[in-house]
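Given next are the chains, with one letter for each unit.
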Amino acid sequence: MPAHNLKSMCVIISMYSKQVEESISNANASVGDEIELFDRKTGKKVHGTLMPKTEVGDPNSIVLKLSTGYNVGIKYTDQKEIHLISKKKEHTFVKPELKKKRSLPKVVMIYTGGTIGSKVDYVTGGVYMLTKPEELLGAVPELADIADIEVMPLMSIASEDMGHEEWKKIASAVVDATKMNAHGVVITHGTDTMHYTAAALSFMLHDLNIPVVITGSQRSTDRGSSDGFLNLASAVRVAAQSDIAEVCICMHADSSDLKCSVIRGVKARKMHTSRRDAFKAINSLPICYVDSNGEFEYVGKYRKKTQNGKQTSAFTNMEPKVAMLKAYPNSDPEIIDYYLSKGYKAIVIEGTGLGHAPTSTADESHSWSKKVKKFCEAGGIVAMTSQCVYGRVNSMVYRNLRLISSAGAIHCEDMLAEVAYVKLCYLLGNFSVKQAKEMLVKDITGEITLRSEIDSFM
Ligand code: DGL
């Protein structure tokens, strides 16, 4: 499996002025090198590591990281000289000595990037991708006692850069892994769009008969406080030891470092920008918890492995012309005409409350009904979800709900907006519009629960 060019992920962009750039290159220096800044006027010398200039701040001031760890900005003048002291030590890959125990269950680890596969460059302060995925195994040596791990370096990207093409590559890699007699698959992934990828794989993979466990970390594994160690160890445990036959997400269950939640891929959402327990099960219980001793506590229903499992296949066609829209006060539904003019096949509305969009506004141009009706009459599909995230939408309780529903919006039970988006890409990529409309509100892989498993939330 060809890996993307991992080196390109370490590009550091310096925003210094032309004069400063020339002085740096005349001294044969570059960002990350140890330099001395000598002031001919005062005779003063300052030693430090040359840091990249960020987009903000004076491009004529040189940023040095001092031996104290603090960064200082020093105004560059033609009275100043830059002297190179030593070049930056290149990040060298040290192949970890991994004890392979063939007797253990085989787990294929598909590496895609994200923070879990990154390190903090203490020279520049930036976070960059590891040069080799095996470094990740080296960071968590206890993995060798849990499973016989085969690393599959697929890509090294941030998850905000994931798209349909990457989802297709990951789905195909999972199918390859099932042909390698893997007991389970772990996918290391950025956290920001992890739940989109989890939903996409949940729909794409047919006859899945092993656990596919997506994990990541909010803090890189070279930081003591990283959540990556427990996340990765727990994910490998689920892949190696559980009888789950679904796509799930495995991340911290709470802010302590004691247990992880294993959440169905179509019922997970990242609910916090930075906390280690950012992922929550929405409108469902987690499938299970795994604690730091490797103990499992199963709490929710899940699809189990069967003996006569068929060969897993991947339906990877995804319709690109599906959009997500948020309804909000004073919103202009004209945007729906834009998508219609661009040939979009479906729109997911993140409605308010039980699934509203403005329908009886004082200013009629703010009512969404006509635009929704026009989009539906042109053969488009409009799915209605709720920006409340928890709970389920309803098309009957209020008159306004009935108005937007009669315009053609399809209320999607307790399905997350992100999941409705992914589901429509999948349905319109593999079925007719008529079939897609019917299947949208039918549960396929646990994305719709007719009765919520939980009545509490968060
Ligand atoms: N750029 C974010 C991503 O790849 C980093 C956050 C993370 O991986 O936790 O999702």
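Described in the following lines is the structure provided in the data block. (Residues numbered from 1 in each chain as written. Predicted model: local features only at pLDDT ≥ 70, side-chain atom pairs only at ≥ 80, totals over all residues. Heavy atoms only, no water.)

### Notes on the packing of helix α3 (residues 164-178) against helix α4 (residues 194-204)
Stage number 1. One way to put it is that α3 packs onto α4 with a least axis distance of 10 Å and a crossing angle of 55 degrees. As judged from the angle between their axes, α3 and α4 are oblique. Judged by the sense of rotation from one axis to the other, the crossing of α3 with α4 is right-handed. Together, Trp-167, Lys-168, Ile-170 and Ala-171 of α3 and Tyr-196, Thr-197, Ala-200, Leu-201 and Met-204 of α4 make up the contact between the two elements.
Stage number 2. Residue classes in the contact of α3 with α4 are distributed as seven nonpolar, one polar and one charged. (Axes fitted to C-alpha atoms, helices over the stretch in contact; angles between N-to-C directions. Helix = DSSP H or I, 4+ residues; strand = E, 2+ residues; numbered from the N terminus. Parallel < 35°, antiparallel > 145°, perpendicular 65-115°, else oblique. Left-handed = near helix turned anticlockwise from the far one by under 90°. Contact = heavy atoms within 4.5 Å. Nonpolar A, V, L, I, M, F, W, Y, C, P; charged D, E, K, R; others polar.)

### What about the nonpolar core?
Stage number 1. Core analysis: the largest hydrophobic core is formed by 64 residues, its most contacted members being Ile-110, Ile-187, Leu-205 and Leu-440.
Stage number 2. Top contributing element to this core by residue count: helix α9 (residues 417-430), with 10 residues.
Stage number 3. When sequence neighbours within four positions are dropped, the list of residues in contact with Leu-440 reads Ile-381, Ala-383, Ile-410, Cys-412, Met-415, Lys-423, Leu-424, Leu-427 and Ile-448.
Stage number 4. Val-107, Leu-136, Val-186 and Cys-250 belong to the second-largest nonpolar core, a separate cluster that totals 31 residues. (Core = buried A, V, L, I, M, F, W, Y, C linked by side-chain atoms within 4.5 Å. Buried < 20%, exposed > 50% of the residue type's maximum accessible area, 1.4 Å probe, protein only.)

### Some words on the side chain of Lys-267
Stage number 1. Looking at where Lys-267 falls in the secondary structure, it is placed in the loop between β14 (259-264) and β15 (268-270).
Stage number 2. Judged by its relative accessible area of 1%, Lys-267 falls in the buried class.
Stage number 3. Within the structure, Lys-267 has its side chain in polar contact with the backbone oxygen of Glu-447 (distance 3.1 Å).
Stage number 4. The contact partners of Lys-267, leaving out residues within four places of it in the chain, are Lys-280, Ala-281, Ile-282, Asn-283, Ser-284, Asp-414, Leu-416, Gly-446, Glu-447, Ile-448 and Thr-449. (Polar contact = N/O pair within 3.5 Å; in protein donor to acceptor, adjacent residues only side chain to side chain.)

### A few points about the sheet that holds strand β13 (residues 247-252)
Stage number 1. Pairing in this open sheet of eight strands is mixed, and the strands run β9-β6-β10-β12-β13-β14-β17-β18 from one edge to the other. Only two strands of the sheet have a single neighbouring strand rather than two, namely β9 (148-153) and β18 (296-298). The average angle at which neighbouring strand axes cross in this sheet is 25 degrees, direction not considered.
Stage number 2. Here four bridges tie strand β10 (residues 184-188) to strand β12 (residues 212-215), and the two strands are oriented parallel to one another. Bridge pairing links Thr-188 to Thr-215 in β12. (Pairing = 2+ DSSP bridges.)

### Quick look at the environment of Val-20
Stage number 1. Relative to the helices and strands, Val-20 is located in helix α1 (residues 18-26).
Stage number 2. Given a relative accessible area of 0%, Val-20 falls into the buried group.
Stage number 3. Along the backbone, Val-20 and Asp-78 are 58 residues apart, and their C-alpha atoms lie at a distance of 9.6 Å.
Stage number 4. Excluding anything up to four places from it in sequence, Val-20 contacts Pro-59, Asn-60, Ile-62 and Tyr-76.

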